[in-house]
Every structure is written in structure tokens, then in C-alpha cells.
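The residues making up each chain are set out below.
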Amino acid sequence: MPRNRGSMTEAMYYVLLALCKPLHGYAIMNSVRDLSRGRVRMGPGTLYGVLTRLEKEKLIQLEEVDGRRKVYSITPAGLDALREEHRRLAAMVADGNFLGEGD
Amino acid sequence: MAKTARKFWWLDEWQIEETESWLSDMAVQGWHLLNAGKSFALFVQGPSKKVRYRCDIFAPRHPQYQERLELYQASGWEYIGRRGKLHIFRAPDDSSIPELHTDPVEQSYIIAGLVRRLATNCFLAIAGLAIPAVILLLFYERLLLDILVDGNTPFLMALPLYLFVMFLNFRGLILNGRLYSRLRRGRFPVRNKPYQKSVRLTKVVAVLALIVFALLFSERAITAINLFTTEPYPPVPPGPLPVVRLADIESGAELVPAILPGFDPNIVNHYKTGRSILVPRQWHLKEDVSVPGREWPSGLEYSPSLEVHGYQARSEWVARQLSQALVKIDWSKSHPERSQLNPEYSSYFDALWVKRDNHYTSFVAEPSEELLALTEIKVQELARK
């Protein structure tokens, strides 16, 4: 899987998170924005780049074609990769928790 | 009705940052892209506007194609058209509409595909040059002679255009390699990237390639026209010629031109001139005569013949290449045992190759200008020897 320095890109992580529930393109963009509480506004070019790559790597799959719109969902392999990344990120946050002690 | 203008795409399909910058500048000047053709961009005149143009690369035959275009438009990006795989979008210069690509590292995967395609093109272009290079090595003298004397070959004519396409591919590879590194470092593409220098360079290289091609093509065309419009065997004119003729050698003798029954009377006695860029003056003389009252040692009527190819080259270097090629093609390969450098006449020439075969003597002099400077006296001196 192409990763940035061994990790997922932020865009990949959020698209996989969003696709824990089957969604079409526009809904994925909205879901990413909601999941990140407005912090991540994903451009359509980035979204389709990520979708193409994730589908090629079999981390997501085409669930159904709803009219012109295609609905995607995460695969078991995608879910494993997402959990692994989540663990890694959680460990990283935990390792840096002392930074917040002074607040 | 709004005024429209067609502009040639002086920027390559893969000059993404420069293309975005040029289109945005055109919009500021009041020219808004209406349609992106393969070679020309169509603009329509309107009020000056600050707008963002963005280019994205994806295959038109991709299953998500239509859905993708619709999502781009739903996100606020107007689809204008495409040049090959390069799709062009426009949005107001307004931060409420997010960029097409919001993650540089993700975008780098797309540019990586383009870099691979350009690298393959460059490799194939170099491999494509290797084929004529091998042919050139194998038939160097033959090709050299064709180029020098006939002016050019189809291969040579195609070369300037081929090199121009190579230049575009290599430049695309360098520019996109830089863009790829930038994106991998997490930085966005350069906005408002200057494109003027790049356009100027493309224009200069394109114009040079076209001029060279036009010169080579017109020369080839003139040669072809001459071949069909001029007499194939023009008669030998009386009087002195720029090349040595039998009258110079057989001084004072009565020369009766030979005639082959049933053929053009000039087929064995003719005189032609030619030209090429590197060898602008060329002469070909063929004489076949009989001399009444004189006999060969065998008792048959004396019938000398002479065939001369004379060349005046643009430079001594060209002359040297030409004479070397002539010696190798005409003698060294077919009669290696008779190829020799004869120092006998070295006072007249820089170099002289002489081939003798009973009644047949031929020579190549280098440089060829020297041969042209040969006076009648010198010819006679040479003949007496």
C-alpha cells in the first residue's frame, strides 16, 4: 500500500473511516468533513485519487451503482489496515500526552 | 455576439502549473477559456476576472469518469474541456470553494503516473534514435554520400521534428519530476508560475526545427521536380567544362561520340549538373568516343571513355568527408586490392587515390576543390604520365 513514510495519508485515513458505512462520492466528502468536525475539507481531485488507489489495492470495493453514482464500502482488508493505522496513531498520541500536562 | 480568439497551445499538455497560470492571466486580460482543443485553445472575451484554473489528470475512459466530472462541478469547479488526459476546470478566486487537490502527497501519486509515462516516452525516443544510429554505423559511407550529394534522406528530414518532440518530452519529465518532489515534501504546486520563458523557448526550438525541416524538404522537393522536368541525358556542351573531359586528355585528336543503337543518343555521352546544401556545385560527365585512325595495342579501334563526378563542397571538412566516402564505397569495398594511395601526383593534390586496371584509370582527389582548380596544362601533364 502506498503510504507516506510508512503511514497512511490523512486523506486515505478519513476516506476509509467514512467508508465504514457504504457511501457515494459526494457523501464521502461530506462524511469526511463531519468526521473531522469541519477540519478536513477534501477536494474532489484528492477524493478520486484516493478512491482509485484504494480500489486498486482492494481496501475498498464498489458496493452498487445507484443510477450514475457509485457506492463504495470498505473491505475486510481495508478495515484491518484502518484499525492498524488507528492503533499506530493512538499510540503516537499517547506517547505525546505529557505535552498537554502543562495546560 | 462576444468576440472569440483562438490561441495556439505553446505550453505542453504536461506543463500543469504553467497552463493554470497562463489561463488565469488570460482571464485577468478578459479572455476566458471556452474550449480546450488539442492544438488550439478557444477564448471568449468578457469582463476581466480573477479566476482559478486547475488541471487534473485522469483517463476519459475510466469507469468513474462521468461521476467524477459531476462531483467536481458540484464542488464548485466548472469543467471547461480537456487536452488528452489533462482536464481543465475553473472556479472563482474565492476560498469558499476548496482546491481540487487538498493533499499534496495524494496528488504526488497522480504526478508519479505522469512521470512514469514521460520517462517511458523518453526511453523510447532514445531507443528510437538507436535504430538509425546502428544503420548509420553499418552504412555510414553510403548514407553520408546520400546526405552530402543528394542533399538529405527521409530520415534526415524527420530528424528535426523528432528532436523537437524529444525536447518536449525531456522538458516535461524534468518539470514533472520537480513537481513530484515538491508534492512529496507536502508542498502544493506553484501558483502563478511564470510561463513566459518556457513559451519563448518552445517557440524558438519549434521555429528552428521547422526551418531545418522546411529547408530539407524543399531541397528534396526541388531535386524530385528536377528529376522529372529536366532531360535525363543532356548532351555534352562544346568547349571547356569545370571537370576534366576527354578533349583535355586526348588533345588534338578527332573524337567521335559513340552511339548505342536503339537508345537515347546521349546515353553514353552526357553532362549533368546538380546541387545540394553541403555540396552546392556538382558535375557529372560521361563520355564514350572513338578516335578514327588510332588503335588499341590489340588492333581494335581506339575508343577511350571517361566518367567524371566533380564536386565543390562548402568547406574543406565536407570535401574530406565526401572524398573518403567515395574512396571507401567505390573502391575499398569492391576492389580492396586495388585501393592505394599514390604519392606520384601529390604536388597537385592534398591526397590522391589512383586505381589502374589495364585501360582503365580512375582517381579521387581530396579536397575536391583542388581537382576543379586543375588547369588544362596540369591535365595534360597528368595524361602524359
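Residues numbered from 1 in each chain as written. Chains lettered and ligands numbered in written order. Predicted model: local features only at pLDDT ≥ 70, side-chain atom pairs only at ≥ 80, totals over all residues. Heavy atoms only, no water.

## Re the sheet that holds strand β1 (residues 4-8) of chain B
Residues and elements named next belong to chain B. If you trace the three strands from one edge of the open sheet to the other, you get β1-β3-β2, paired in antiparallel fashion. Each edge of the sheet is formed by a strand with only one pairing partner; in this case those strands are β1 and β2 (31-36). In this sheet, neighbouring strand axes are inclined to one another by 35° on average, regardless of whether the strands run parallel or antiparallel. Summarising the sheet, β2 and strand β3 (residues 40-45) pair through five bridges and their orientation is antiparallel. Along β3, the bridge assignment pairs Ala 36 with Ala 41. (Pairing = 2+ DSSP bridges. Helix = DSSP H or I, 4+ residues; strand = E, 2+ residues; numbered from the N terminus. Axes fitted to C-alpha atoms, helices over the stretch in contact; angles between N-to-C directions.)

## Re the interface of chain A and chain B
Chain A puts 29 residues into the contact, and the matching count from chain B is 24 residues. Counting the surface lost from both chain A and chain B, the interface buries some 2,100 Å², and carbon and sulfur atoms represent 51% of this. Counting across the chain A and chain B interface gives one salt bridge. Inspection of the region where chain A meets chain B yields 10 residue pairs in polar contact (both at pLDDT 80 or more). Contributions of two or more residues to the side of chain A that touches chain B are made by α1 (10-18), α2 (25-35), α3 (44-56) and β3 (69-74) of chain A. Tallying contributions element by element places α3 of chain A first for the side of chain A that touches chain B, with 11 residues. When the residues that make up the side of chain A that touches chain B are grouped by side-chain class, the tally is 12 nonpolar, eight polar and nine charged. (Contact = heavy atoms within 4.5 Å. Buried area = accessible area lost by both parts, 1.4 Å probe. Salt bridge = Lys/Arg side-chain N within 4 Å of Asp/Glu carboxyl O. Polar contact = N/O pair within 3.5 Å; in protein donor to acceptor, adjacent residues only side chain to side chain. Nonpolar A, V, L, I, M, F, W, Y, C, P; charged D, E, K, R; others polar.)

## Here's the deal with the packing of aromatic side chains
Residue and element names in this part refer to chain B. Taken as a whole, this structure holds 11 aromatic pairs over all chains when the rule is applied. Taken together, a centroid distance of 5.9 Å and an interplanar angle of 25° make the contact between Phe 213 and Phe 217 stacked. Of this pair, Phe 213 and Phe 217 both sit in helix α6 (residues 196-229), four residues apart, roughly one helical turn. Since its relative accessible area comes to 25%, Phe 213 is described here as partly exposed. The structure contains a cluster of three or more aromatic residues connected by ring pairs, namely Phe 58, Tyr 65, Tyr 72, Tyr 79 and Phe 89. (Phe/Tyr/Trp six-rings, centres within 6.5 Å; stacked < 30°, edge-to-face > 60°. Buried < 20%, exposed > 50% of the residue type's maximum accessible area, 1.4 Å probe, protein only.)

## So, the sheet that holds strand β5 (residues 78-83) of chain B
Within a sheet, each strand pairs with its neighbour through backbone hydrogen bonds, oriented either parallel or antiparallel. All names here are of chain B. Strand order in the open sheet made by the three strands is β4-β6-β5, with antiparallel pairing throughout. Every other strand in the sheet has two partners, leaving β4 (51-57) and β5 as the edge strands with one partner each. The average undirected angle you get between the axes of adjacent strands in this sheet is 25°. Bridge count between β5 and strand β6 (residues 86-92): five bridges; the pairing is antiparallel. Bridging from a neighbouring strand, Arg 83 pairs with Leu 86 of β6. Sheet strands touched by helix α2 (residues 65-74): β4, β5 and β6. Its angle to β5, the strand with the most contacts, is close to 135°.

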